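Given next are the chains, with one letter for each unit.
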2 protein chains.
Amino acid sequence: MPKPSTREPLVEHGLELVHRHGFGSSGVAAIAAAAGAPKGSFYNHFASKDAFGVALLDRYFAGVRAALAATVGDASAAPLQRVHAYFALLRDRAREDSHARGCLIGNLSAEVTPSSEAMRAHLAELLDEWTEAIAGAVAEAQAAGTVRATAPAETLAALLLDGWQGALLRAKVERSPAPLDAFRAVLLPSLLQAGPG
Amino acid sequence: MPKPSTREPLVEHGLELVHRHGFGSSGVAAIAAAAGAPKGSFYNHFASKDAFGVALLDRYFAGVRAALAATVGDASAAPLQRVHAYFALLRDRAREDSHARGCLIGNLSAEVTPSSEAMRAHLAELLDEWTEAIAGAVAEAQAAGTVRATAPAETLAALLLDGWQGALLRAKVERSPAPLDAFRAVLLPSLLQAGPG
């Protein structure tokens, strides 16, 4: 058994590198060097670079779950307000690095899904869980009559997340929060229209 | 001057490789080998791999322009119908490779914008041109009273393209046309609402 202290820095520094430079541009040697670990230790912890990618997705998604719990999962707020609070939080976080890195889930959906079946299948699971969390609040808002049932809650939640991922791509290209603000001001209320029925 | 016959296969085969495997995973040696060109010839034609990436974006975007001209630019159709026709065409094309590769513009927006200023700046120009083309049809539809002016035509066009890019990411992850169908059935009519005002 390798020491657990080697795995943790590999994931932590690997996440930094892959989030900024992409998966293909982040070589195992560079990841090990950034983590201060011998290159050989990488394959003690991960059967393949794809398996490492799956571990990075899990680490990143723990942060997604925490952000969802703090907003969408806040039972003290009205369901529609919880959805707004979630995207407001994401918008503030994207500003921290001037919109450069975007979302690791979206980035790897774009880059690795044609070539890595392991990462593609794992991304599908994470995307399902993410969509379900938002759909729960949308369904509550529909049941409460504050959001019109123009489509099933799951469809609306998936389109919200997809629209957000696309807005993040444009924010990366323009290095600007404007696409995220347009999402919040126009796309979100267009999909989640006020009122019952 | 290098022979022009070497540059063309590098761009053609490089586009294939980068569209499928990403920019970082497509090495210069592999691109040259796929093109049947000596590795040294790559840097006769391109000052850097980033400059090659810019050339790939231009090649790919020529296809975007052609698809726009055939649909959004079809003066014989009503403006809202032209927008619908454009996304119907893209949806059919995405099916050709089982939604694996997605859009090169979206993929490179995700992967290379934090590390390549040359590609980021070029993507910003292409995204502007793309958005303007759609915005023209949306503005016509608003002027004709078939689409409500809920927001400026440019904002709606940008959100349509962003929503489409996000739906393509989910289609890549799920290897399914369902996200593209949901975009066309729910997101597009939510953003471009029927009627004047």
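What counts as what
- Residues numbered from 1 in each chain as written.
- Chains lettered and ligands numbered in written order.
- Predicted model: local features only at pLDDT ≥ 70, side-chain atom pairs only at ≥ 80, totals over all residues.
- Heavy atoms only, no water.
- Helix = DSSP H or I, 4+ residues; strand = E, 2+ residues; numbered from the N terminus.
- Buried < 20%, exposed > 50% of the residue type's maximum accessible area, 1.4 Å probe, protein only.
- Contact = heavy atoms within 4.5 Å.
- Areas by Shrake-Rupley, 256 points an atom, 1.4 Å probe, with all protein chains shown as cover.
- Buried area = accessible area lost by both parts, 1.4 Å probe.
- Salt bridge = Lys/Arg side-chain N within 4 Å of Asp/Glu carboxyl O.
- Polar contact = N/O pair within 3.5 Å; in protein donor to acceptor, adjacent residues only side chain to side chain.
- Nonpolar A, V, L, I, M, F, W, Y, C, P; charged D, E, K, R; others polar.
- Least-squares fit on C-alpha atoms with pLDDT ≥ 70 in both.
- 1 Å grid on protein atoms, 1.4 Å probe; cavity = no way out; pocket = protein on both sides within 12 Å on 5 of 7 lines; lining within 4 Å.
- Points joined across faces, edges and corners; volume = space filled by probe spheres on them.
- Axes fitted to C-alpha atoms, helices over the stretch in contact; angles between N-to-C directions.
- Parallel < 35°, antiparallel > 145°, perpendicular 65-115°, else oblique.
- Left-handed = near helix turned anticlockwise from the far one by under 90°.
- pLDDT = per-residue confidence, 0-100.
- Phe/Tyr/Trp six-rings, centres within 6.5 Å; stacked < 30°, edge-to-face > 60°.
- Lys NZ or Arg CZ within 6 Å of the ring centre and 35° of its normal.
- Expected span 1.5 Å × (residues − 1).
- Core = buried A, V, L, I, M, F, W, Y, C linked by side-chain atoms within 4.5 Å.

## Focus: the overall build of chain A
If you tally the helices and strands in chain A, you get nine helices and zero strands. Starting at the N terminus and walking to the C terminus, you meet the elements of chain A as α-α-α-α-α-α-α-α-α. In terms of overall dimensions, chain A has a C-alpha envelope of 60 × 35 × 30 Å along the principal axes. Within chain A, buried positions represent 53% of all 197 residues. Long-range pairs, those at least 24 residues apart, make up 68% of the contacts in chain A between residues at least 6 apart in sequence. When the accessible surface of chain A is split by element, carbon and sulfur atoms take 55% of a total near 7,700 Å².

## Thoughts on the interface of chain B and chain A
Each partner contributes residues to the interface: chain B has 46 residues there, and chain A has 46 residues. Of all residues in chain B, P114, R170 and V173 of chain B give up the largest surface area on contact with chain A, accounting jointly for 19% of the area buried on that side. With its nearest N and O atoms 2.7 Å apart, the salt bridge here joins R170 of chain A to D162 of chain B. Where chain B touches chain A, the interface holds 12 residue pairs in polar contact (both at pLDDT 80 or more). Elements with a minimum of two residues in the side of chain B that touches chain A: α1 (4-21), α6 (104-111), α7 (117-144), α8 (153-174) and α9 (178-191) of chain B. Among the elements that take part in the side of chain B that touches chain A, α8 of chain B stands out by supplying 15 residues, more than any other. In terms of residue class, the side of chain B that touches chain A is made up of 20 nonpolar, 16 polar and 10 charged.

## A closer look at the environment of A51 of chain B
Residues and elements named next belong to chain B. With respect to the helices, strands and loops of the structure, A51 is situated in helix α4 (residues 49-70). Here A51 falls in the partly exposed class, since its relative accessible area comes to 29%. Linking A51 and R7, residues 44 residues apart in sequence, is a C-alpha distance of 13 Å.

## Things to note about the relation of the copies chain B and chain A
The transform that puts chain B on chain A rotates by 180° and translates by 0.0 Å along the axis, for an RMSD of 0.0 Å. Those values place the two copies in the arrangement expected of a two-fold rotation axis. When the interface residues of chain B are mapped onto chain A, 100% of them again lie at the interface, so the same face is used by both copies.

## Regarding the layout of surface pockets
Of the voids in this model, the largest pocket is the one considered here, and its volume is about 630 Å³. Every residue lining the largest pocket is counted, 25 residues in all, and those nearest its centre are H19, Y60, R93, R101 and G102 of chain A. Counting residues per element, the ones that place at least two in the lining of the largest pocket are α1 (4-21), α4 (49-70), α5 (79-95) and α8 (153-174) of chain A. Taken as a whole, the second largest pocket encloses approximately 530 Å³ of empty space. Forming the walls of the second largest pocket are 20 residues, and the residues nearest its centre are H19, Y60, R93, R101 and G102 of chain B. Of all the elements in the fold, those that place two or more residues in the lining of the second largest pocket are α1, α4, α5 (79-95) and α8 of chain B. Per-element tally for the lining of the second largest pocket: the top contributor is α4 of chain B, with five residues. A class-by-class count of the residues in the lining of the second largest pocket yields 11 nonpolar, three polar and six charged.

## Description of the packing of α7 of chain B against α8 of chain B
All names here are of chain B. Axis separation between α7 and α8 bottoms out at 8 Å; the angle between their running directions is 125°. Of the possible angle classes, the one that applies to α7 and α8 is oblique. Between α7 and α8 lies a crossing whose hand is right-handed. Of α8, the residues touching α7 (which contributes W130, T131, E132, I134, A135, V138, A139 and Q142) are A153, E154, L156, A157, A158, L160, L161 and Q165.

## So, the confidence of the model for chain A
For chain A, per-residue confidence averages 96 on the pLDDT scale, and 97% of positions sit at 70 or higher. As scored by the predictor, the complex reaches a pTM of 0.97 and an ipTM of 0.97.

## A word on the packing of aromatic side chains
Summed over the entire model, instances satisfying the criterion amount to 18 aromatic pairs over all chains. With a centroid separation of 4.9 Å and 75° between ring planes, the pair formed by F46 of chain A and F52 of chain A is classed as edge-to-face. In this pair, the class of F46 of chain A matches that of F52 of chain A, namely buried. Plain terms: the ring middles of Y86 of chain B and F87 of chain B are 5.3 Å apart, the flat faces sit at 65° to each other, and that makes the pair edge-to-face. Here the two residues Y86 of chain B and F87 of chain B agree in accessibility, since each one is buried. Seen from the ring of F23 of chain B, K49 of chain B lies directly overhead, with NZ or CZ sitting 4.2 Å from the centre.

## Some points on the environment of K39 of chain A
With respect to the helices and strands, the residue K39 of chain A is situated in helix α3 (residues 39-45). As for K39 of chain A and V28 of chain A, which are separated by 11 residues in sequence, their C-alpha atoms are 7.0 Å apart.

## Remarks on α5 of chain A
Residue and element names in this part refer to chain A. For α5, with 17 residues, the first-to-last C-alpha span of 25 Å sits near the 24 Å given by 1.5 Å per residue. By the burial criterion, the buried members of α5 are P79, L80, R82, V83, Y86, F87, L90, R91 and A94. Tucked into the core, α5 has its buried residues touching α4, α7 (117-144), α8 and α9 (178-191).

## Let's talk about the nonpolar core
Within the largest apolar cluster, 131 residues are counted, with the highest numbers of intra-cluster contacts made by W130 of chain A together with W130 of chain B. Residues in contact with W130 of chain B, not counting those within four places in the same chain, are F61, V64, L68, Y86, C103, I105, L161 and Q165 of chain B.

## Focus on helix α6 (residues 104-111) of chain A
Among the eight residues in α6 of chain A, eight count as buried, and that is most of the element. Taken residue by residue, α6 of chain A has L104, I105, G106, N107, L108, S109, A110 and E111 of chain A as its buried positions.

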